[in-house]
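# Summary of structural features
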Amino acid sequence: MSVLVTGGAGYIGSHTCVELINAGIDIVIVDNFYNCKKSSIDRIRALVDRDFKYYECDIRDREGMDRIFKAEKIDSVIHFAGLKAVGESVEKPLEYFDNNVNGTLVLLDVMRNNGCKKIVFSSSATVYGMNNISPLTEDMAVGGVTNPYGRTKYMIECILQDLYASDNSWSICLLRYFNPIGAHKSGTMGEDPNGIPNNLMPFITQVAIGKRDHLNVFGDDYDTHDGTGVRDYIHVVDLALGHVKAVQKVEKDNGCFIYNLGTGIGYSVLDVVKAFEKASGVTIPYEIQARRAGDIATCYSDPSKALAELNWKAERGLEEMCEDSWRWQSQNPNGYPD
Ligand code: NAD
Ligand code: UDP
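These notes cover the structure that comes with them. A quick note: this is a predicted structure, and the numbers were derived from the prediction, not measured.

## Some words on the site of ligand 1
Taken together, 27 residues sit near ligand 1, with Ile12, Asp31, Asn35, Lys84 and Tyr149 positioned nearest. The separation between an oxygen atom of ligand 1 and a polar main-chain atom of Gly10 is 3.3 Å. Within the backbone of Phe80, one N or O atom sits 2.8 Å away from an oxygen atom of ligand 1. Its free accessible area being 810 Å², ligand 1 has 95% of it covered by the protein chains. If you list the elements that add at least two residues to the shell around ligand 1, you get helix 1 (11-22), strand 5 (118-124) and helix 6 (148-166). In terms of residue count, the dominant contributor to the shell around ligand 1 is strand 5 (3 residues). Here the shell around ligand 1 is built from residues that sort into 13 nonpolar, 9 polar and 5 charged.

Structure below.
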């Protein structure tokens, strides 16, 4: 089996590429390197025992994508490529809709023209919106999203469901990720955000390494066990292994499948801070700030459908997520080399 991985040089994509090859699956990477360094490709290579090709190409480049499909034998696609910063999406909605939605439309059209109708898509728990009560299940109403990034995920889910309804020879898997953190055990691959991190764990690790002097905790007056926001943090390697199962599913069965990829456990911001301090031995100074616009109190998954249908479940706990995030950050204080 040969899988085209769009965005395969990014955070989740790179970890998934390693696990695909470990599972005996051939890969071809397409990335425009907009949000990652080329050295992440070298880091993937160093961890696997088989070579693979990568193409520098934007998924919106129809001719370029068509050439890749003609040059390679692609059985299925895992589609990570996209822009993902919530705040930036509010400032630049046109860029987000163009990159994420238009990019996906071009990809799907090129796939169809080349007879490839199997795709696994990176969706997000954000599609559950503000009003559903955790634990979140796949059959809950989706779409109450509050920002352009979330809307792109919701729109792409709708596009893929409509596509399947129109032609049931497609095989589609929508994976709704909860909060990926952690890094590869080797300490050679991890999350490398540009500028000031938006997400909790990279912010914590940058405080720990001395790049930032304290963490801002957004709100301590939520209805949670300590007042800070509760999320379902999942180790990126568990998430990667979920993609191996999902791509095997689309290889085998036609349909449009939806799965949560989470642990089913919610931890607060302060739980994560404490677990990180224990794992790293470094104290994380923090200040309580006002709530961040658009945040909800609690968001965690019911992951039982993925267990029942994909035989997948997250195995790595919060301690391991913190240890691995810290190993990556401390071995690579400035992220990937240029
Ligand atoms: P990432 O930015 O590290 O990886 C995305 C990759 O896609 C990058 O390497 C980027 O250069 C590439 N890319 C972007 N636009 C492209 C285009 N037009 N053509 C070709 N390549 C392009 O992000 P990630 O954290 O690995 O996320 C992967 C996917 O998972 C994204 O679609 C994201 O929205 C989704 N997701 C991420 C999270 C999270 O917390 N990290 C949560 C839910 C969903
Ligand atoms: N958070 C925080 N400080 C930060 C970043 C995040 O307190 O610098 C909180 C945020 O309010 C939420 C949780 O950490 O309760 C996870 O936020 P993140 O941005 O990592 O993921 P989200 O769930 O928003 O996608």
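## Focus: the packing of helix 1 against helix 8 (residues 236-252)
Their axes nearest at 8 Å, the elements helix 1 and helix 8 cross at an angle of 60°. Taken as axis vectors, helix 1 and helix 8 run oblique relative to one another. Crossing of helix 1 over helix 8 shows right-handed handedness. Judged by residue contacts, Tyr11, Ile12, His15, Thr16, Glu19 and Leu20 of helix 1 engage Val236, Val237, Leu239, Ala240, Leu241, His243, Val244 and Val247 from helix 8. Of the residues assigned to the contact of helix 1 with helix 8, the class counts are 10 nonpolar, 3 polar and 1 charged.

## Some points on the pattern of salt bridges
Per the counting criterion, the structure on display carries 25 salt bridges. Linking Glu72 and Lys53 is a salt bridge whose minimum nitrogen-to-oxygen distance equals 2.9 Å. On the criterion of sequence distance, the pair formed by Glu72 in the loop between helix 3 (62-71) and strand 4 (76-79) and Lys53 in strand 3 (residues 53-56) is long-range, its members being 19 residues apart. Taking the relative accessible area as the measure of exposure, Glu72 reaches 16% and is therefore buried. Here Lys73 makes a salt bridge to Asp75, at a shortest N to O gap of 2.8 Å. Take Asp75: its relative accessible area is 23%, and that puts it in the partly exposed class. What emerges from the salt-bridge pattern is a single network uniting Lys185, Asp238, Arg316, Glu320, Asp324 and Arg327.

## What about the packing of helix 7 (residues 200-208) against helix 11 (residues 318-331)?
The N-to-C vectors of helix 7 and helix 11 enclose an angle of 55°; their axes lie 10 Å apart at closest approach. Put simply, helix 7 runs oblique to helix 11. Two packed elements cross with a definite hand, and for helix 7 against helix 11 that hand is right-handed. Side by side, helix 7 and helix 11 meet where Met201, Thr205, Gln206 and Ala208 of the first sit next to Cys322, Ser325, Trp326 and Gln329 of the second. Grouping the constituent residues of the contact of helix 7 with helix 11 by class yields 4 nonpolar, 4 polar and no charged.

## Description of the pairing of strand 1 (residues 2-6)
Of all the 5 residues making up strand 1, 5 are buried; the element is thus mostly covered by neighbouring parts of the structure. Burial along strand 1 is two-sided: Ser2, Leu4 and Thr6 facing one way and Val3 and Val5 facing the other are all buried. Bridge analysis of strand 1 against strand 2 (residues 26-31) gives 5 bridges, and the strand direction is parallel. Across the sheet, Thr6 pairs through a bridge with Val30, a residue of strand 2.

## Digging into the sheet that holds strand 2
The 7 strands lie next to each other as 3-2-1-4-5-6-11, forming an open sheet whose pairing is parallel. Each edge of the open sheet is held by one strand with a lone partner, namely strand 3 and strand 11 (255-261). Across this sheet, the average inter-strand angle for adjacent strands is 20°, counted without regard to direction. As judged from the 7 bridges shared by strand 6 (residues 171-177) and strand 11, these two strands associate in the parallel manner. Residue pairing for strand 11: Leu175 is matched across the bridge by Tyr259. Packed on one face of the sheet, helix 6 meets strand 5, strand 6 and strand 11 and runs near 150° to strand 5. Helix 8 rests against strand 1, strand 4, strand 5, strand 6 and strand 11 of the sheet, and its axis sits at about 160° to strand 6.

About the thresholds
Residues numbered from 1 in each chain as written. Chains lettered and ligands numbered in written order. Predicted model: local features only at pLDDT ≥ 70, side-chain atom pairs only at ≥ 80, totals over all residues. Heavy atoms only, no water. Near = heavy atom within 4 Å. Polar contact = N/O pair within 3.5 Å; in protein donor to acceptor, adjacent residues only side chain to side chain. Areas by Shrake-Rupley, 256 points an atom, 1.4 Å probe, with all protein chains shown as cover. Helix = DSSP H or I, 4+ residues; strand = E, 2+ residues; numbered from the N terminus. Nonpolar A, V, L, I, M, F, W, Y, C, P; charged D, E, K, R; others polar. Axes fitted to C-alpha atoms, helices over the stretch in contact; angles between N-to-C directions. Parallel < 35°, antiparallel > 145°, perpendicular 65-115°, else oblique. Left-handed = near helix turned anticlockwise from the far one by under 90°. Contact = heavy atoms within 4.5 Å. Salt bridge = Lys/Arg side-chain N within 4 Å of Asp/Glu carboxyl O. Buried < 20%, exposed > 50% of the residue type's maximum accessible area, 1.4 Å probe, protein only. Pairing = 2+ DSSP bridges.

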